[in-house]
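# Secondary and tertiary structure notes
What follows is the residue order along each chain.
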There are 2 protein chains.
Amino acid sequence: MEDPSQIIQKLQTCGLRPSAPRKTLLAYLMGCDHHPTPYELLEGLKLSGHPISIATLYQNLQVLSEAGLIRKFVDADGTARYDANTSAHHHLHCTACGRILDLDLSDELASALVALGTTANWQVQKIQLDLEGLCERCQIRLSALQD
Amino acid sequence: MEDPSQIIQKLQTCGLRPSAPRKTLLAYLMGCDHHPTPYELLEGLKLSGHPISIATLYQNLQVLSEAGLIRKFVDADGTARYDANTSAHHHLHCTACGRILDLDLSDELASALVALGTTANWQVQKIQLDLEGLCERCQIRLSALQD
DNA sequence: ATCATTGCAAACTGTTTGCATCAAG
DNA sequence: CTTGATGCAAACAGTTTGCAATGAT
């Protein structure tokens, strides 16, 4: 969990009132190593002892996204997911356990991809990359099952 | 529009009855150069003079996807889209006009991306790449507006 | 004649909105 | 005290399902 005063400051810097639900939600997301769905957030916050209403949850996911404090993306199944890491834009997605890891792209690779668009006369502004497959754990787990 | 008898054959090869709605839907999708949403399909088929019910539409989008005759994907906004091109898996997405074009990836680039996962001990099965930006038309249109 | 497919209507999931209450500045 | 945020409940969009009627083999 993050330092409470830092959370408050982050919110105020963006011109947002540090209400209880907002602080809880932002702190929770910053302490997450995965990329929870709205439903997972609702349940997680409930379990953490700081439940918030579903309307407030959705309102704040939108507000915090617009403020740039969190990021929304849609996975290959069409499920909305959120994280507090606003830098990494790519993902490793395990098709077996559903885990989604952040992934960084080298500059060379990124420009090679941008070039793909340029040759089609497109001006590429954002690369969205999703590598789907099996994480280490699931590879081991599944190969063990085959024996 | 495709040859009607070819459409029928494609369906029968997959063990699907060539009912009127199925033939219309598959032919329509094969004649599409974009990637329509279910709603766009519903409207498009209505306009083409061969309306089908929404339940039948969704049922068949699923059946045809499972048969491998069409492909479903979810765009960055979370909207479901379908196309009859089952080979290309990558897209150029214009953020201004919403147009989505298919994109092919060179083998070198593809293996460079797979390697990214490998270094993280993942076994990559599918690369999903989405380049967002401005298409040629919209670049011209928008720069003209600025004058 | 049999069995898959259609299409209506109703159900369901995920998300948004109206609005009275409440809390932060 | 003023203004923005909460949270219930109701509305909404996209999708799925139950089921009687229909159409293909």
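The structure displayed is predicted, hence computed values, not measured ones.

### Observations concerning the domain arrangement of chain A
Residue and element names in this part refer to chain A.
- Domain annotation for chain A reports domain 1 (1-86) and domain 2 (87-147).
- Distance between the C-alpha centres of domain 1 and domain 2: 24 Å.
- Every contact between the two is made by 9 residues of domain 1 and, on the other side, 9 residues of domain 2.
- Counting the surface lost from both domain 1 and domain 2, the interface buries some 840 Å², and carbon and sulfur atoms represent 44% of this.
- If you sort the residues of domain 1 by the area they bury against domain 2, His35, Arg71 and Asn85 come out on top, with a joint share of 46%.

### Overview of the protein's contact with DNA strand D
- Taken together, 17 residues are adjacent to DNA strand D, and A:Arg17, A:Ser19, A:Arg22, A:Ser53 and B:Tyr58 come closest.
- Sugar plus phosphate: this is where 72% of the atoms of DNA strand D within 4 Å of the protein reside.
- Side-chain polar atom of A:Ser19 to a phosphate oxygen of DNA strand D: 2.6 Å apart, as the coordinates give it.
- A:Arg22 is positioned with one of its side-chain polar atoms (N or O) 3.0 Å from a phosphate oxygen of DNA strand D.
- The residue inventory of the surface near DNA strand D, partitioned by class, reads 7 nonpolar, 7 polar and 3 charged.

### Focus on the interface of chain B and chain A
- Taken together, the 37 residues of chain B in the interface contact 37 residues of chain A.
- Both sides of the chain B and chain A interface together cover about 3100 Å² of buried area, and 64% of this is carbon and sulfur.
- At the junction of chain B with chain A, the criterion picks out 0 salt bridges.
- Linking chain B with chain A are 12 residue pairs in polar contact (both at pLDDT 80 or more).
- In the side of chain B that touches chain A, the residues fall into 19 nonpolar, 10 polar and 8 charged.
- In the sheet, strand 5 (residues 123-134) of chain A pairs with strand 5 (residues 123-134) of chain B via 11 bridges, with the strands oriented antiparallel. Across the sheet, residue A:Leu129 finds its bridge partner in strand 5 of chain B, namely B:Leu129.

Analysis parameters
- Residues numbered from 1 in each chain as written.
- Chains lettered and ligands numbered in written order.
- Predicted model: local features only at pLDDT ≥ 70, side-chain atom pairs only at ≥ 80, totals over all residues.
- Heavy atoms only, no water.
- Domains from an automatic or database assignment.
- Contact = heavy atoms within 4.5 Å.
- Buried area = accessible area lost by both parts, 1.4 Å probe.
- Near = heavy atom within 4 Å.
- Polar contact = N/O pair within 3.5 Å; in protein donor to acceptor, adjacent residues only side chain to side chain.
- Nonpolar A, V, L, I, M, F, W, Y, C, P; charged D, E, K, R; others polar.
- Salt bridge = Lys/Arg side-chain N within 4 Å of Asp/Glu carboxyl O.
- Pairing = 2+ DSSP bridges.
- Helix = DSSP H or I, 4+ residues; strand = E, 2+ residues; numbered from the N terminus.

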